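Spelled out, the chains give:
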Amino acid sequence: MKVYNSELELIENKQKESEVSNILDTEISFATEEYGIDEQILRDRANSLAIVERKMSEKFVTQENNGVKQKTKAPTTAAAFTGTTKQSFDGIKWDFETAIFITDNNNLHNVSHELFHALSEKTEITFDDTGIGYLKKGVSILGYDKADNLVDSEYNAIGLNEGITELLAAKMDGIAPTAYKAQAYLADIMISDKNNSLVKAYFSNEDKDVKKFFDEFEKRQNKVSAKELVNLSKFAVDEMNVSVLEGVLDYTLSYCNNMDELKNERTRLLNIFTAIAKEPEIEFNDESFDIKAFFKDKMLARRDELTKENSIDNVKRTIENVRTSQVVEQIQIAKQIVIGKDDRETEAERT
C-alpha cells in the first residue's frame, strides 16, 4: 500500500500502513460474511488504495491529473476523507487512484467509515457509444464525457450513500450510527436477510445494479418516487421525511410473502424503529408524527394485506383443485366409455 505525504511524495510509514490494512481486512470479512459480497472485488479495491498523511490545518490537497500535480481545495474539513490522488486518461478510459486522506486526529470509527467508501468505489471510467462514462461510488453515480465534464447526475444519491456507509461502519464497530443518522436508519430498514439488494448494489462494479434497485423501489411502493430517495440530503442533518420513511418501510414489507416472514421482519424492524424513537437528534418534518403508532399501523396493514392475499390464493387453489378433479373425472368417464366400446367390439367379433 502506497503512503504519501501532503505533497503527494512517497514516504514510508509501516505502522500507518498496517493499521489501515487491518481495518480493511476486517471490513472485507464483515461484508463477505454478512452480505455475501464478492471478496475479490473488495480485495482488488483494497490493494489499489493509497494513504495520504495530512494535517488538519491544511486547506488544500495535492492531486495529479495526467502526470501534472496541482493544488485543489480540500473537499471537507473532516479529519479523514476519501478522494482521488491521481487520474489519467489514455484516450479510451480514465483510471483513478483512490486514497484515504488522514490526520492523526481521528478515531477508529471515522476511519472505518471512510474505508468503506473506498471499498465501494470503482477506479476507472469506460465510455459507451454516446461518449459518456460513469463513475460509481457506492450508490452514487455520475456521468462524465471524455473531457472530464459532468453531464449526468440523475443517480447522484450522495445522502443515501453516506447513510449506507455509516450503517456498515456502525454495525461492524458494534455501535449506533454517529453521523448521517436519518440516512443510516433508512438504509437499515431496507437491508434485510430477505432482500439485501441495496448493499450489494453499493459494492457492485455494475451501474445497472444501482439503477435496478431504484427501479424496484419505485415499483414496490407508491408513497415516494425513487428520485426522492436519490435526493436525500448529503449533509449530516438529522431530519427525517415521514413520506420517505413510509415509502422505505412499504418497500421492505413488500418482500414479506407470508405471516412467518412478516413476523421475523417485524422483530428486526422493531429494533430499528425503537432506536429511531430514542434518538434525540432525529426530528421529523411533521411535528405531529407518532412513530410508534405509525409502525404499529403499518405492520397491521401489511398483515391484513397478506391475509387477504392468502385468502384469494386459497380460493384460486380450491377452484383449480375442483377443475382438476372435474377434468380427472371426465377423463375416467371417457376411458370407461372407450373401454366399454372396445369390449363390445371384441364380443361382436367373437360372435
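This one's a predicted model, so the numbers in the text were calculated from it and none came from an experiment.

Q: Hey, could you run me through the pattern of salt bridges in this one?
A: Oppositely charged side chains can form a pair if their charged atoms are brought close together. As enumerated under the stated definition, the model contains 21 salt bridges in all. The salt bridge partner of Lys2 is Glu97, with a shortest N-O separation of 3.5 Å. Of this pair, Lys2 sits in the segment before β1 (3–4) while Glu97 sits in strand β6 (residues 93–102); the two residues are 95 residues apart in sequence, bridging distant segments of the chain. The salt bridge involving Asp95 is made with Lys93; its shortest N-O contact spans 2.8 Å.

Q: Teacher, can you tell me more about the packing of helix α7 (residues 207–220) against helix α9 (residues 242–253) here?
A: Helix-helix packing: each pair is described by the crossing angle between the helix axes and the interaxial distance. Between α7 and α9, the least distance of the axes is 9 Å, while the angle of their chain directions is 95 degrees. Relative to α9, α7 is oriented roughly perpendicular. Taken together, the residues of α9 that come into contact with α7 (itself represented by Phe213, Glu216, Phe217 and Arg220) are Gly247, Val248, Asp250 and Tyr251. A per-class count over the contact of α7 with α9 returns four nonpolar, one polar and three charged.

Q: Even after reading the chapter, I still don't get the packing of aromatic side chains, so can you show me in this structure?
A: Two measures describe an aromatic ring pair: the distance that separates the ring centres and the angle between the ring planes. Counting across every chain of the model gives 18 aromatic pairs. Geometrically, the ring pair formed by Phe81 and Phe101 is stacked, given 4.9 Å between the ring centres and 10 degrees between the ring planes. Of this pair, Phe81 sits in strand β5 (residues 80–89) while Phe101 sits in strand β6, and the two are 20 residues apart along the sequence. Residue Phe101 is classed as buried on the basis of its relative accessible area, which comes to 2%. Plain terms: the ring middles of Trp94 and Phe96 are 6.4 Å apart, the flat faces sit at 20 degrees to each other, and that makes the pair stacked. For the pair Trp94 and Phe96, one class covers both residues: buried. Each residue in the set Tyr155, Phe213, Phe214, Phe217, Tyr251 and Tyr255 is aromatic and connected to the rest through ring pairs, giving one cluster. The ring of Tyr134 is capped by Lys211, whose NZ or CZ atom sits 4.9 Å from the centre of that ring. Above the ring of Tyr255, the side-chain terminus of Arg220 is found at 3.7 Å from the ring centroid.

Q: Got a minute to help me understand α7 in this structure?
A: An α-helical segment advances 3.6 residues per turn. Residues three or four places apart therefore align on the same side. Given a rise of 1.5 Å per residue, 14 residues ought to cover 20 Å, and the 21 Å separating the end C-alpha atoms of α7 matches this to within 8%. Buried residues of α7: Asp207, Val210, Phe213, Phe214 and Phe217, and no others. Buried residues in α7, looked at end-on, bunch into an arc of 130 degrees, giving them a common side. The exposed residues of α7 that point more than 90 degrees off its buried face are Lys208, Lys212 and Lys219.

Q: Help me out: how do you make sense of the nonpolar core in this one?
A: Across soluble globular proteins, nonpolar side chains have a tendency to be buried as a group. Among the nonpolar cores identified, the biggest contains 77 residues, and Leu160, Phe203, Phe214 and Leu229 are the most heavily contacted of them. In this structure Leu160 touches Val139, Ala187, Met190, Leu198, Phe213, Phe214, Leu229 and Leu232, once residues within four positions along its chain are discounted.

Q: Is there a simple way to explain a negative patch on the surface in this structure?
A: A surface patch of negative charge is lined by Glu239, Glu283, Asp286 and Glu287. Note that Glu283 resides in strand β12 (residues 283–284).

Q: I would appreciate a short explanation of unusual backbone geometry in the present structure.
A: Glycine aside, the phi torsion of most residues is negative, and most peptide linkages are trans. A positive phi angle, near 70 degrees, is found at Asp148, a position not held by glycine. Structurally, the position occupied by Asp148 is in the loop between β9 (140–144) and β10 (150–152). Backbone geometry at Tyr180 places phi at a positive 50 degrees, although glycine is not the residue there. With a relative accessible area of 16%, Tyr180 lands in the buried category.

Q: Please clarify how helix α2 (residues 39–47) should be interpreted in this entry.
A: Those residues of α2 lying buried are Ile41, Leu42, Arg45 and Ala46. Each buried residue of α2 lies within a common arc of 130 degrees when the element is viewed along its axis, so the set occupies one face. Lining the buried residues of α2 we find α1 (14–35), α3 (108–119) and α6 (197–203).

Q: In this structure, what is going on with the environment of Ser288? I would like to understand it.
A: With respect to the helices and strands, Ser288 occurs in the loop between β12 and α11 (291–350). Among the polar contacts made by the side chain of Ser288, one reaches the side chain of Asp286 at a distance of 2.8 Å.

Q: How do you make sense of the environment of Asn196 when you look at a structure like this?
A: Its location among the elements puts Asn196 in the loop between α5 (181–190) and α6. When its relative accessible area of 18% is taken as the criterion, Asn196 is described as buried. In this structure, Asn196 is in contact with Tyr35 and Ile191, ignoring residues within four places of it in sequence. Among the polar contacts listed, one links the side chain of Asn196 to the backbone oxygen of Tyr35, at a separation of 3.2 Å.

Basis of the calculations
- Residues numbered from 1 in each chain as written.
- Predicted model: local features only at pLDDT ≥ 70, side-chain atom pairs only at ≥ 80, totals over all residues.
- Heavy atoms only, no water.
- Salt bridge = Lys/Arg side-chain N within 4 Å of Asp/Glu carboxyl O.
- Helix = DSSP H or I, 4+ residues; strand = E, 2+ residues; numbered from the N terminus.
- Axes fitted to C-alpha atoms, helices over the stretch in contact; angles between N-to-C directions.
- Parallel < 35°, antiparallel > 145°, perpendicular 65-115°, else oblique.
- Contact = heavy atoms within 4.5 Å.
- Nonpolar A, V, L, I, M, F, W, Y, C, P; charged D, E, K, R; others polar.
- Phe/Tyr/Trp six-rings, centres within 6.5 Å; stacked < 30°, edge-to-face > 60°.
- Buried < 20%, exposed > 50% of the residue type's maximum accessible area, 1.4 Å probe, protein only.
- Lys NZ or Arg CZ within 6 Å of the ring centre and 35° of its normal.
- Expected span 1.5 Å × (residues − 1).
- Arc of directions from axis to C-beta.
- Core = buried A, V, L, I, M, F, W, Y, C linked by side-chain atoms within 4.5 Å.
- Patch = residues over 30% accessible without salt bridge, like charges linked within 9 Å, V, L, I, M, F, W, Y side chains within 5 Å.
- Areas by Shrake-Rupley, 256 points an atom, 1.4 Å probe, with all protein chains shown as cover.
- Lys, Arg positive; Asp, Glu negative; His and termini not counted.
- Charge placed at Lys NZ, Arg CZ, Asp CG, Glu CD.
- Polar contact = N/O pair within 3.5 Å; in protein donor to acceptor, adjacent residues only side chain to side chain.

None of this, on its own, says anything about what the molecule does.
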